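Per-entry structural report
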Amino acid sequence: LPAAPLKCERGPSRAITVQQLLALLNAFEHHIRSRNMYYMSENIVKPLTKPHRVSYAELAGPQALTWFVSHFWGMPFRHFVESV
């Protein structure tokens, strides 16, 4: 993660890359296991972003949107990342 979050407006400039998604999985792989995005949100993403009051994209370093990928939060996070 960058040294400091980079706040930006909501929209297509607030996205993350596949590499940033993989980095998130790799950093917390031991905790994530086969858990889903509901777990990720409450136990990993919110605790990381709350002190700075930013989105995960702003924390990871926002990128310009090329593709938008939607997913069911109930599927294992690992499966989502591997699918992308």
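Here, the structure is the one placed above.
Residues numbered from 1 in each chain as written. Predicted model: local features only at pLDDT ≥ 70, side-chain atom pairs only at ≥ 80, totals over all residues. Heavy atoms only, no water.

On to helix α2 (residues 37–49), then. For α2, which comprises 13 residues, the first-to-last C-alpha distance of 15 Å sits more than 12% below the rise-based estimate of 18 Å (1.5 Å per residue). Of all the positions in α2, only Met37, Met40, Ser41, Ile44, Val45 and Thr49 are classed as buried. One side-chain oxygen of the residue at the start of α2 lies 3.0 Å from the amide nitrogen of Tyr38, identifying that residue as Asn36. (Helix = DSSP H or I, 4+ residues; strand = E, 2+ residues; numbered from the N terminus. Expected span 1.5 Å × (residues − 1). Buried < 20%, exposed > 50% of the residue type's maximum accessible area, 1.4 Å probe, protein only. Polar contact = N/O pair within 3.5 Å; in protein donor to acceptor, adjacent residues only side chain to side chain.)

In this section: the environment of Phe80. Mapped onto the elements of the fold, Phe80 is located in helix α4 (residues 77–83). Relative accessible area serves as the criterion here: at 10%, Phe80 is assigned to the buried category. Sequence separation between Phe80 and Val69 is 11 residues, and the spatial gap between their C-alpha atoms is 9.8 Å. Dropping the residues within four chain positions of it, Phe80 is found in contact with Leu21, Val69, His71 and Met75. (Contact = heavy atoms within 4.5 Å.)

Another point: the pattern of salt bridges. Taken as a whole and assessed by the stated rule, the structure comprises 4 salt bridges. Where Glu58 meets Arg14, a salt bridge forms, and the shortest distance between an N and an O atom there is 3.4 Å. One end of the pair, Glu58, is in helix α3 (residues 56–60); the other, Arg14, is in the segment before α1 (18–32), with 44 residues separating them in the sequence. One salt bridge in this structure joins Arg78 and Glu82, with 3.9 Å as the shortest N-O distance. (Salt bridge = Lys/Arg side-chain N within 4 Å of Asp/Glu carboxyl O.)

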